[in-house]
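Architecture and fold: a report
Residues per chain, in single letters:
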Amino acid sequence: MKKFILKSLLLVMASLMFTVNLKPAFGYSALDTRVQTEIVTEGVTRQYITKYTTAGWLYLSVLKVDLHNPYITLNAIFNDNKLSTKKTVLQMATTSGALAAVNGNFFDPASSNVPSQPIGVIISDNRIISYSDPGKDFATFSLTSDKIPDISLWNAVGLKVVAPDGTSAPIDRVNKFSDFNNITLYDRMWRDTTYGVSKGFPGMVEVIVDQDNTVVEVRDRQPPANIPVGGYVLASSNADKRNFLLKLKPGDGVKIQASPLLENLKTALGGGSMLVKEGKVLPPPSNKNAFPSYNSQAARTAIGYTQDKRYIILLVVDKSKPNSIGLTYNELAQEMKSLGAYNAMSFDGGGSSSMVARPYGDTELITVANGSQGNWTRPVVSGLGIFSTAPSSGVAKLVLKADDYNTYPGVPRTIKVVALDSHENPVNIDTSKITFNVQGSTGTMDGNVFTPDSPGVAVISAVYENISSSISINVLEDVAELKASSIVANPGQKKDVVIYAKDSRGKRAQLTLKDVNYKIYGDVGTVDGIAFIAGKYNRTGAISVEFMGYRLNIPVKVGTGSQFDSSQLPQATNFIDIDKGNREITDPDLKIAVIGQTKVKTLFDLLMLRNFIEEANKNNTLVVAMGDNESNLLKELNITPIVTTNKGSYTYGNSTFIVLNTSKGGIKDTDPAQWPWFKDQLQKVKTDNVFIVLPTNVWGTGGFKDPEESRLFEDVLMNIKNSGKNVWILQNGYDRVYTTVNDGIRYISTNGLSNSSLKNIHGNVYINIYVKGNVISYTVNPIFK
């Protein structure tokens, strides 16, 4: 097999620069597009594109490879121990030393009698690893030793073995399962021994050839034998091919010849349907049996190149996340063209789709796109790896990373320093020679750990061999919220405890149990560093946390739990009481009475609602009722209320109220048409204050089903906030009243008549919001005075 060195192939095409055209997703309306770009190495970048559409979320991972870079090349990757044994793309890329990779060939799955095998060709480092005629439906990607790419349908490519007398016979396949009706070539990449004679192949002739292409042995109807290391076998059970093989004698030299199409190929991989040809999107594949899922929106992998053949474009459509929709073959073709592909084809898709890449500055690969949900990644037969041969040129730059860019006085942050050379590849350095400097907020460095002692912005600089870089750490001053998830563990289970503290501007810092004072109640377990270790018995209790004078009680349940007297816990801080926004404004321009759902279920609910209406009719200029509403009773209000039954936009003085219906678990799931309407309304806002009114939470219990939609919602509102406007979100929630600030956006939720309590009659509340110019505040008021 080492002598399968292939020779010349000339390909010529016109020129087109690589462009990224972020068109809307096809077949549905695009709501928003977000693009993140990261350098993998010099000449290779990765883009992570999220397209939010009315049908769902489209996650695209794109690798752009500059073939003009002298250090960059591509090569097929596979399990170099046994081709028939599949591995994940991450395993193959890591073993081969690739910096990024995607999955490759379609493959026939293994059965009890037939091992798994790739469809089409695999050529790696000018060596044929696997071959068969892919047929007229399956395209092939190839790259010459001169880095000229091609994507085309191979037809009757042809391999043959030439005997010493000049006669030849075709080779049907290489390293694939065979019916041996023609000549098959295989080596130890496929199996360690020959097949030998059998009932299925009674006329089997096997010619064993060594690494110098010299015949070692001719075996006619013999049992299996070992294949020499570096050698290969020519085998057939066909009568005509038997006669050709039996002419060969030990000591004969044989030649393996390929058709001109295969000459000088550095690498090649078989794939699926042609998607784009000479800049034109092709119709869906005609052979629906070969591509049965062509019209389903699935995870996909595709490869293409630009018209000037300078850039390779690799795309994986990720379906590992909830609500991700995937692409059909036709949509995949359109997407590849929009990314700049002049010619393009598909690789295997669905659960096989996978992309791995080295994060900027890191040395290890990670999976960045996957076709299957969850952590499972499907093993496959091959992939296409991206490699760099750039020599290390010493340290050219430093990149600093922090484990969290927000903190509090006394809470340490670890600073990771990454050294890169001039080719954007990581360089190992002696970290003991790094010197740090802190400016702005005061603090100390212990090695690479920064501990601040005063609020402000700390600028941390690192210097190594006269090369420096810096990052900023926000040292927060006040605490406006403490939160942590409840702990549910099996006996003996270990779980990290993550606590979040937020300041009055909505900036959030992560804390561990090492950063706080804590006490365990209920004999539920112990703490080891930052982790909680559950005890041996079924118990219920809590971890009471104190930070900067504020307290949070974290519920803990071990196993099936037990009875627990929560009255023994210290009183948790009520942050609403100390919230700077919780205050009344004298002579407001607008006074708004806000209540959650008002649907009456009991007589007490009816009494509560009538009391609210009475209070709301006193000196309020506007009423907002969220969630399910008792529309007939609300007609008793002096002013028509804003309700969340239907979307709408209303302006009162310097304030705009935009109402959305999220009752089915989000904006999109309730009515996708709300999204473009919502963005259009935001663009039309001329007032300083914007109130978004919702019948459900955005986050948490009863919130949007898809956290990605929650993030999109906040991102869209951040654009309005950053233009200088005040943004408040009024939502019907599950708590009596809850408020928080996320990056300057104020959330207020209340549950109205939900879970109303006669026992705690003064705990049933509504909210007053006061607006004066561009100043907004609120107060929490009991419905029963």
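Here the structure is a predicted model, which is why all the values come from computation and not from measurement. (Residues numbered from 1 in each chain as written. Predicted model: local features only at pLDDT ≥ 70, side-chain atom pairs only at ≥ 80, totals over all residues. Heavy atoms only, no water.)

Quick look at the pairing of strand β23 (residues 311-318)
Heads up, the rule is: Type-normalised accessible area, obtained with a 1.4 Å probe on protein chains alone, sets the label of each residue: buried when under 20%, exposed when over 50%, and partly exposed for intermediate values. A run of DSSP states H or I qualifies as a helix once it reaches four residues; a run of E qualifies as a strand once it reaches two. Both are numbered from the N-terminal end. When DSSP finds two or more bridges between two strands, those strands count as paired.
Summarising burial for β23: 8 of the 8 residues are buried, a large majority. Side chains Tyr311, Ile313, Leu315 and Val317 project from β23 onto one buried face, and the interleaved Ile312, Leu314, Val316 and Asp318 project onto a second face that is buried too. Direction of pairing for strand β3 (residues 56-66) relative to β23: antiparallel, over a ladder of 8 bridges. For Asp66, the partnering residue across the bridge sits in β23 and is Tyr311. By the bridge criterion, 6 bridges tie strand β22 (residues 300-305) to β23 in an arrangement that is antiparallel. Paired with Thr301 across the strands is Val316, a residue of β23.

Examining the pattern of salt bridges
Once the charged atoms of two side chains with opposite charge are near each other, the side chains can pair. Worth spelling out the cut-off: Whenever Lys or Arg places a side-chain nitrogen within 4 Å of a carboxyl oxygen from Asp or Glu, that contact is recorded as a salt bridge.
Scanning the entire structure with this criterion turns up 32 salt bridges. A salt bridge links Asp32 to Lys679; the nearest nitrogen and oxygen atoms lie 2.8 Å apart. Of the two residues, Asp32 is situated in strand β1 (residues 30-41) and Lys679 in helix α8 (residues 674-684); the sequence distance between them amounts to 647 residues. Taking relative accessible area as the criterion, Asp32 reaches 14% and is therefore assigned buried. A salt bridge links Asp503 to Arg505; the nearest nitrogen and oxygen atoms lie 3.2 Å apart.

Details of the side chain of Asn69
For the record, the criterion: In what follows, residue pairs with any heavy atoms lying within 4.5 Å of each other are defined as contacts.
One can find Asn69 in the loop between β3 and β4 (72-78). Residue Asn69 is classed as buried on the basis of its relative accessible area, which comes to 9%. In this structure Asn69 touches Glu42, Gly43 and Lys147, once residues within four positions along its chain are discounted.

Describing the side chain of Asp318
Worth spelling out the cut-off: Here a polar contact is recorded for every N or O atom pair within 3.5 Å, except that within protein the pair must consist of a potential hydrogen donor and a potential acceptor, and residues adjacent in sequence are included only if both atoms are side-chain atoms.
Along the chain, Asp318 turns up in strand β23. On the accessibility criterion, Asp318 (2% relative accessible area) is buried. A distance of 2.6 Å separates a polar atom in the side chain of Asp318 from a polar atom in the side chain of Ser320. A distance of 3.4 Å separates a polar side-chain atom of Asp318 from the backbone nitrogen of Asn370. Leaving out residues up to four positions away in the same chain, Asp318 has contacts with Tyr59, Ser324, Val368, Ala369 and Asn370.

A look at helix α2 (residues 239-246)
Here is the rule: To be clear, the arc concerns the directions from the helix axis to the C-beta atoms.
Looking only at α2, the buried set comprises Lys241, Arg242, Phe244 and Leu245. Each buried residue of α2 lies within a common arc of 165° when the element is viewed along its axis, so the set occupies one face. Opposite the buried face of α2, at more than 90 degrees from it, the exposed residues are Ala239, Asp240 and Asn243. The inward-facing, buried residues of α2 abut β12 (159-162), β13 (168-174), β14 (183-187), β15 (205-209), β16 (215-220) and β17 (232-236). One side-chain oxygen of the residue at the start of α2 lies 2.8 Å from the amide nitrogen of Asp240, identifying that residue as Asn238.

Examining the sheet that holds β4
For clarity, the threshold we go by: To obtain each axis, a line is fitted to C-alpha atoms, and for helices this fit is confined to the stretch in contact; angles are then taken between N-to-C directions over 0 to 180 degrees.
If you trace the 5 strands from one edge of the open sheet to the other, you get β4-β27-β5-β25-β26, paired in antiparallel fashion. Taken across any chain shown, the strands that pair with only one partner, and hence form the sheet edges, are β4 and β26 (366-370). Strand-to-strand twist of the sheet, defined as the mean angle between neighbouring strand axes without regard to direction, takes the value 20°. Seen against the sheet, helix α1 (residues 89-96) touches β4, β5 (100-103), β25 (354-357), β26 and β27 (382-388) and runs at an angle of roughly 125° to β4.

Structural notes on the confidence of the model for the chain
Our working rule: Scored between 0 and 100, pLDDT is the confidence that the predictor attaches to each residue.
Across the chain, the average pLDDT comes to 91, with 96% of residues at or above 70. Segment residues 1-25 is flagged for pLDDT under 50; beyond a separation of four residues in sequence, or across chains, it makes 79 contacts in the model.

Here we look at helix α9 (residues 707-721)
One full turn of an α-helix is made of 3.6 residues, so residues set three or four places apart face in the same direction. As a reminder, the rule being used: Here the expected span of a helix is defined as 1.5 Å times the quantity of residues minus one.
A rise of 1.5 Å per residue sets the reference length of α9, with its 15 residues, at 21 Å; its end C-alpha atoms lie 21 Å apart and thus fit the reference within 8%. Those residues of α9 not exposed but buried are Glu708, Glu709, Ser710, Leu712, Phe713, Glu714, Val716, Leu717, Met718 and Ile720. With a side-chain oxygen positioned 2.9 Å from the backbone nitrogen of Glu708, the residue opening α9 is Asp706.

Looking at the sheet that holds strand β46 (residues 550-558)
Taken in spatial order, the 4 strands of this open sheet run β38-β46-β45-β42, and their pairing is mixed. Each of the sheet's edge strands pairs with one partner strand only, and the pair in question is β38 (487-489) and β42 (517-521). Within the sheet, the average angular offset between the axes of one strand and its neighbour, ignoring direction, is 20°. Bridge count for β38 against β46 is 3 bridges, and the pairing is parallel. Directly across from Ala489, in β46, lies its bridge partner Val558.

Quick word on unusual backbone geometry
Although it is not a glycine, Asn175 adopts a positive phi angle of roughly 50°. The topology assignment puts Asn175 in the loop between β13 and β14. One non-glycine residue with positive phi stands out, namely Asp587, at about 50°. Inspection of the secondary structure assignment puts Asp587 in the loop between α4 (575-578) and β47 (590-595). The exposed category is assigned to Asp587, whose relative accessible area is 60%.

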